[in-house]
Amino acid sequence: MSAEIATVPESTRLSLCTIGDLILDVVVLPDRPLAPDADTPATIRFAAGGQAANVAAWASALGACSRLICKRGSDVSSELAAAELARYGVEICGPVVEGRGGVVASIRDVLGRRTMVSDRGAASLLQRSELDPSWVRSCDVLHVSGYCLLQEPMAEAAIHAAALARRVTVDLASAHDIEIVGARRFSERLRALGPDLAFATEAERAAVPDFDATWVIKLGARGARFPEGLYPARPVAAVDTTGAGDALAAGYLVGGPELAVQAAARSVGLIGAMPSAPRLG
């Protein structure tokens, strides 16, 4: 696949605000299966991450004006993640507090399956009182990370932000996390959020059977099912699938299904969840 990807014209530039985590991603791609009490050669990369941060970065790279609302720590991991995200022109809003930020280790096995180990740190502690309404009201779309809805006080903060927004979209948390919280409680929070559009994998959609919405269903290597119909994935040699769904969500919000599948294809050819350059194209 070409390194180039379409971007939207300046005259139709979307103003996107996301809310969720800004964490430091540690992506580990071992050369062979991990062995106990042994050293395994691997490709390891550090980058900014978190579902909301990924969407904001990809949207900015695709031509949108992007903002991330988050709570972050004061440690080295937080500083690294914030500096990396700023490279993409994403405005970061929200409190910085003493303590550790979030870190996620994403480990891919030789079959391409991923296991993630998460420490959200200060990210999950964003409170309603820490939101400035102007952060949301000045944007066209508020995109909510489903991980906001897993626990309080962040769920209340996200629902309050949604009440201030012109349009609300959400990308669900993993089916496993929804199961831990409980489908009923998670669905109640989704209904309180009131999204105009929801992104989910098939498993995530099945985890909230009682929640009705307009859906974008992410099908991995098979593409995605949009309100406009089924779009197959672009043929590409996958290197790392981390963040591909976030790239797809950003592409759809910025430019519709075609840009969504382009962005997802570009993402799986890269290591980590961020675009390869601050501005694509």
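The following paragraphs examine the structure supplied in this document.

A look at helix α1 (residues 51-61)
Taken across its 11 residues, α1 has 11 buried, putting it largely inside the fold. Taken together, the buried positions of α1 are occupied by Q51, A52, A53, N54, V55, A56, A57, W58, A59, S60 and A61. Positive phi shows up at G63, right after α1, with a value of about 115 degrees.

Brief notes about the pairing of strand β1 (residues 15-19)
The element β1 is extensively covered by neighbouring structure, given that five of its five residues are classed as buried. Side chains S15, C17 and I19 project from β1 onto one buried face, and the interleaved L16 and T18 project onto a second face that is buried too. With five bridges connecting them, β1 and strand β4 (residues 65-69) associate as parallel partners. Counted as the bridge partner of S15 is C65 from β4. By the bridge criterion, four bridges tie β1 to strand β8 (residues 141-145) in an arrangement that is parallel.

Comments concerning the packing of α1 against helix α8 (residues 244-255)
The N-to-C vectors of α1 and α8 enclose an angle of 50 degrees; their axes lie 8 Å apart at closest approach. Relative to α8, α1 is oriented oblique. As for how α1 packs across α8, the hand of that crossing is right-handed. Here Q51, N54, V55, W58 and A59 of α1 lie close against α8, whose contacting residues are D246, A247, A249, A250 and V254. Across the contact of α1 with α8, the residue classes tally to seven nonpolar, two polar and one charged.

Conventions we followed
Residues numbered from 1 in each chain as written. Predicted model: local features only at pLDDT ≥ 70, side-chain atom pairs only at ≥ 80, totals over all residues. Heavy atoms only, no water. Buried < 20%, exposed > 50% of the residue type's maximum accessible area, 1.4 Å probe, protein only. Helix = DSSP H or I, 4+ residues; strand = E, 2+ residues; numbered from the N terminus. Pairing = 2+ DSSP bridges. Axes fitted to C-alpha atoms, helices over the stretch in contact; angles between N-to-C directions. Parallel < 35°, antiparallel > 145°, perpendicular 65-115°, else oblique. Left-handed = near helix turned anticlockwise from the far one by under 90°. Contact = heavy atoms within 4.5 Å. Nonpolar A, V, L, I, M, F, W, Y, C, P; charged D, E, K, R; others polar.

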